[in-house]
Amino acid sequence: MFDLSPAAPRAAKLTALGIGVALLATACGGSSTPTQTGSQSAAAAGIACPAPSGGAGAGNSQAATNTGPVPPSTTTTATPLKLGSLLPTTGSLAFLGPPEIAGVNLGVKEVNDAGGVLGAPVEVTHRDSGDTKTDIATQSTTALLGQGVSAVIGAASSGVSKTVINQITGAGVIHFSPANTSPDFTTWDDKGLYWRTAPSDVLQGKVLGNYMATCGAQTVGMIVLNDAYGTGLQKNVKEAFEAAGGKVVAEELFNEGDSQFSSQVDKVLAAKPDAIALITFDQAKSIVPLMTGKGVKPTQLFMVDGNTSDYSKDFQAGTMKGAQGTIPGTFAKDAFKQKLLAIDPALKDYSYAGESYDAVNLIALASEAAKSTKGTDIAAKLKEVSEGGEKCTDFPSCVTLLREGKDVDYDGQSGPVTFSDAGDPTEAYIGIYEYQDDNTYKPVREEFGKL
């Protein structure tokens, strides 16, 4: 079943955004047009992606830094800023929960170490989002709203967020996702209360579609999760790949909760694609062995943020070697990883940790700018603190500038952010990763794009 979003007052803003994506490749060598000499097999077509190269990533050497004490807030509040998180600890995206929760906790720690917001420590309550097979998200949201939170950070899944967005925004509370990528949210009637630090899949789809073409694929098959995330990303990957001269020869859907994927795998392989895009969540653990067991080379596989994960404990060594995947956001820097590991020493993945950390900082800064902890007041300042002022990259530096009466432009761990009126990042990085012999992945390049 396709999920139709409410259309709305913000629909016209797609035009204002100029929805064409302007990709500014930081490292993409070679032409994005497929060669004309390939055959129907990857071996003959010669899947060969550009050599790894570094990207500058997020960060700005001119950004303000704070090395002294943070000046006290001139406005104090009797009602502390209360945050709730709605992030997955169970379900098909549970692997994303630990880095996202660590990012939230690190953000809250640094805000409170700097004296909190409006003179009071920030409070955070964590609740599980589950996935779309359960009603956990609704129950968790009800509990968080009952505790008087000003903002809910989550969910990771676009499909899950669709089940609670009206409940959250209808209560006058900010709904801020670090990982939702469905384009549907750009035009949702959310009263200006839905925001995200992950870019729309218009960008990830453009990057992945072009990248597969750059790697020499002339034909692509897809296995796709039939939900808002999966079909939205499928559409944008297909458009980009075909615009680059390629042809999508098979598209097979499955539903959340399905456990058998042989039919989809067989139909895709019958089309003999050069490359295969797996747009799934943890169902990849079942699909990949079916593929490789029938002769698919891992170098033919292209993953996405929903399944680019550590498979070292799931597959035999070498199963994923050479497979590649895309994750929105710039590469997690070593210093940031060390801070996250101090919060959660068991972390293996860092996906969306930066986006979660940035969500906390942006909400806290907007609360300071609004001199209020009320959700609607904070939302009215979120765009302002993301653009146009003096650049800064952490809460102490940014809040110091705010308390000195200056405008700020927060550039975070996930990238420059810079919100549109619709609450979307208007510019972002997409990281491209390659799997190693131990079935873990490492960064190989970044693509920067504007929406």
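Below: a short report on this structure.

The rules behind each value
Each chain has its residues counted from 1, running along the sequence as written. Residue-level local features of this predicted model are given only where pLDDT is at least 70; pairs of side-chain atoms are given and counted only at 80 or more, and the full residue set underlies all totals for whole chains, interfaces and linings. Only hydrogens and water are set aside; all other atoms, that is, all heavy atoms of the structure, feed into the side-chain values. A pair of strands is considered paired only if DSSP assigns at least 2 bridges between the two. Segments assigned H or I by DSSP are reported as helices when at least four residues long, segments assigned E as strands when at least two residues long, and all are numbered from the N terminus. All axes are obtained by fitting lines to C-alpha atoms, using only the stretch in contact for helices, and the reported angles, taken between N-to-C directions, cover 0 to 180 degrees. We call a pair of cysteine sulfur atoms a disulfide whenever their separation is within 2.5 Å. Exposed residues in this analysis have more than 50% of their type's maximum accessible area, buried residues have under 20%, and partly exposed residues fall in between, with area computed by a 1.4 Å probe over protein chains only. We call two residues in contact whenever any of their non-hydrogen atoms come within 4.5 Å of each other. The term salt bridge refers to a pairing of a side-chain nitrogen on Lys or Arg with a carboxyl oxygen on Asp or Glu at a separation within 4 Å.

So, the sheet that holds strand β5 (residues 174-177)
Paired through backbone hydrogen bonds, the strands of a sheet run either parallel or antiparallel to each other.
Then step 1. Strand order in the open sheet formed by five strands is β3-β2-β4-β5-β6, and the pairing between neighbours is parallel. Looking at the sheet topology across the chains shown, the edges are occupied by β3 (123-128) and β6 (194-196). Within the sheet, the average angular offset between the axes of one strand and its neighbour, ignoring direction, is 20 degrees.
Then step 2. Relative to strand β4 (residues 151-154), strand β2 (residues 82-87) runs parallel, the two sharing four bridges. Looking across to β4, one finds that L83 is bridged to A151.

A look at the state of the cysteines
Then step 1. Using the criterion set out here, one finds two disulfides in the structure.
Then step 2. A sulfur-sulfur separation of 2.0 Å characterises the disulfide bridge that pairs C49 with C215. What sets the handedness of the C49 and C215 disulfide is the S-S torsion sign, and at about 115 degrees it is right-handed. With a gap of 166 residues between them, C49 in the loop between α2 (42-45) and β2 and C215 in the loop between α6 (201-214) and β7 (219-225) connect regions that are remote in the sequence.
Then step 3. The exposure class assigned to C49 is partly exposed, which follows from its relative accessible area of 23%.

Brief notes about helix α13 (residues 395-403)
Then step 1. Among the nine residues that make up α13, nine are buried, leaving the element largely enclosed by the rest of the structure.
Then step 2. When we look at burial in α13, the residues that qualify are F395, P396, S397, C398, V399, T400, L401, L402 and R403.
Then step 3. Next to the buried residues of α13 lie α3 (97-113), α11 (353-370), β12 (390-392) and β13 (408-410).
Then step 4. Backbone geometry just after α13 places G405 at a positive phi near 85 degrees.

Overview of the pattern of salt bridges
Then step 1. This structure, assessed with the given rule, holds 18 salt bridges.
Then step 2. D113 is the salt-bridge partner of K109, the closest N and O atoms lying 2.8 Å from each other. Linking K109 with D113, this pair stays in helix α3, spanning four residues, or about one helical turn.
Then step 3. On the basis of relative accessible area, K109 is assigned to the partly exposed category, the value being 43%.

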